[in-house]
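Descriptive analysis of the structure
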Amino acid sequence: MTATDAHLVAGPRLGDEVVDWLTNGTRDERFIDNIFGQMCNRLQRAGIPVKRASLHVQINHPQWLGARMLWSDGMQGADIARVDYDVRERSEYIGSPASEIHEGVDEIRENLARDPELGRRHAIYDEMRAQGLTDYVAWPMYHTLGKRHIVTFATDRRGGFDQAHIDALLRLVPVLALVSEIRVKNRLARTLLETYVGPHAGEMVLAGATRRGSGTTVRAAIMICDLRDFTRISDNWPRDDVIDLLNSYFDAMVEPITQHGGEILKFIGDGLLAIFPLTEPAACANLLHAVSGARKAMTELNARNGETGRAPLNYGIGVHVGDVMYGNIGSRTRLDFTVIGPAVNMASRMEALTKQVGRPVLLSRDFAELVEGPFALERVGEFPVRGFNDPIELFSFDG
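Residues numbered from 1 in each chain as written. Predicted model: local features only at pLDDT ≥ 70, side-chain atom pairs only at ≥ 80, totals over all residues. Heavy atoms only, no water.

With that settled, the discussion passes to the overall build of the chain. Regarding its fold elements, the chain presents 12 helices and 14 strands. Partitioning the contacts of the chain with sequence separation of at least 6, the portion at a separation of at least 24 is 61%. As displayed, the chain offers around 20800 Å² of accessible surface, 50% of which is attributable to carbon and sulfur atoms. (Helix = DSSP H or I, 4+ residues; strand = E, 2+ residues; numbered from the N terminus. Contact = heavy atoms within 4.5 Å. Areas by Shrake-Rupley, 256 points an atom, 1.4 Å probe, with all protein chains shown as cover.)

The following block contains the structure:
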């Protein structure tokens, strides 16, 4: 008799219906936190007395090391908390079950009902005892190439989990690993695209806009910003100081842009290209609010730099509006998702004119006519623009 035959004779084991659901019933669910919450509720209905469970995954996001999904009795889904890169230096991590698993331990089992002096000492165990939990187990959960994540379960059952409960949970872990890896990698792919090409462009790529030349025409307000004297700075400053300066400068510029609905499409050395699609009625006003926020952030950055003896940073911003081609451009094997068109070229020329005119922010008449709201725009005059036949009428904005 084969193992499969023996299983059929013996009948279904505790928790097999949950394993079957994870394997066959989660195909249409995108988010692992929802799956994890549903799984825990199904475990309860199957007779496995789970009262608390957590899933810890490393995602290597640019800002976060990973995420923790926490479920407790009565919840339909799981709460997600992001985990910072410096977590391993904190007391809540040092000596915790997560740290032991990451260091190579294959199982942690803690009898929470016994005298605390006889068990492991960590705040998480005291917290679970205060919740009336009696037993806790944690295991590594393996993704491709041995990458270790963590899953934990706890109960308030008198006497804790019995062996049948533990066996059922152990059978579940490899299936949960497969199901979670797909979702984590999908989320990682989306995160990487959002990080490197922006959220809107990332959605388009994920939706299938991957062929060279694919794209669409978008009417948008275009913003091009450039840092002044960067060549001199990069030639004379230590490399790490230059990188730190650039990152601080981009933080000051980018956060107000994204906060007000703009999308960063490209960093070009010390410059950036952003658009505010006119499908949003307040796009032009939002762009000016972003400029005001960036100006304030740059003032604060220069004040901090001044405390360390660094010279203040100056910048130029050119703003125009028009139709742009938004899509894939490049070679057969290396593409860039960006915008091109005369409107982009004009914004670039206007940014260059900020040096000549002596105003840090220049707006075209086409843009100024679309602005609604109490913004003080000052007419600067008409100026010839390289590559264009007609001069352009410019306005300045002091924010």
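What follows picks up the thread again.
Before going further, it helps to spend a moment on the pairing of strand 1 (residues 52-58). In terms of burial, strand 1 is a largely internal element, 6 of the 7 residues being buried. Pairing analysis gives 7 bridges linking strand 1 to strand 2 (residues 64-72), with the strands arranged antiparallel. By the bridge assignment, histidine 56 is partnered in strand 2 with arginine 68. Here 5 bridges tie strand 1 to strand 6 (residues 148-155), and the two strands are oriented antiparallel to one another. When the bridges of strand 6 are listed, serine 54 appears paired with threonine 152. (Buried < 20%, exposed > 50% of the residue type's maximum accessible area, 1.4 Å probe, protein only. Pairing = 2+ DSSP bridges.)

What follows concerns helix 10 (residues 283-307). Here helix 10 is 25 residues long and its end C-alpha atoms lie 36 Å apart, about the 36 Å a rise of 1.5 Å per residue gives. Of the residues flanking the end of helix 10, it is glycine 309, one or two places downstream, whose phi is positive at about 85°. (Expected span 1.5 Å × (residues − 1).)

Turning our eyes to something else, we now look at the sheet that holds strand 2. Pairing is antiparallel in the open sheet, where 6 strands are placed in the order 3-2-1-6-5-4. Both outer strands of the open sheet, strand 3 (79-84) and strand 4 (108-111), are each paired with one neighbouring strand and no more. Averaged over all pairs of adjacent strands, the angle between strand axes in this sheet comes to 15°, irrespective of strand direction. As paired elements, strand 5 (residues 135-142) and strand 6 share 8 bridges and run antiparallel to each other. Counted as the bridge partner of valine 137 is phenylalanine 153 from strand 6. Each of strand 1, strand 2, strand 3 and strand 6 is contacted by helix 3 (residues 32-45), which is oriented at about 30° to strand 2, the strand it contacts most. (Axes fitted to C-alpha atoms, helices over the stretch in contact; angles between N-to-C directions.)

This structure, assessed with the given rule, holds 5 aromatic pairs. Here the aromatic rings of tyrosine 249 and phenylalanine 250 are separated by 4.9 Å at their centres, their planes lie at 40°, and the arrangement is tilted. In this pair, the class of tyrosine 249 matches that of phenylalanine 250, namely buried. When the ring of phenylalanine 375 is compared with that of phenylalanine 397, the centres are 6.1 Å apart and the planes differ by 75°; the resulting orientation is edge-to-face. (Phe/Tyr/Trp six-rings, centres within 6.5 Å; stacked < 30°, edge-to-face > 60°.)

Now for the pattern of salt bridges. Where charged atoms from two side chains of opposite charge approach closely, those side chains can pair. All chains considered together, the criterion is met by 20 salt bridges. For aspartate 16, the salt bridge is made with arginine 13, and the minimal N-O distance between the two is 3.6 Å. With relative accessibility at 16%, the residue aspartate 16 sits in the buried group. With relative accessibility at 44%, the residue arginine 13 sits in the partly exposed group. Here arginine 365 makes a salt bridge to glutamate 393, at a shortest N to O gap of 2.5 Å. Residue arginine 365 is located in helix 12 (residues 365-368), and its partner glutamate 393 is located in strand 14 (residues 392-397); the two are separated by 28 residues in the primary sequence. In this structure glutamate 393 comes out as buried when scored by relative accessible area, which is 13%. When salt bridges that share partners are traced, they join Glu110, Arg114, Asp126 and Arg129 into one network. (Salt bridge = Lys/Arg side-chain N within 4 Å of Asp/Glu carboxyl O.)

Restricting attention to buried positions, one finds in helix 5 (residues 123-130) the residues Ile124, Tyr125, Met128 and Arg129. The buried residues of helix 5 all sit within an arc of 140° when viewed along its axis, so they share a single face. Residues of helix 5 that are exposed and point more than 90 degrees away from the buried face comprise Ala123 and Ala130. Where helix 5 ends, the next residue or the one after it, glycine 132, has phi of about 85°, a positive value. (Arc of directions from axis to C-beta.)

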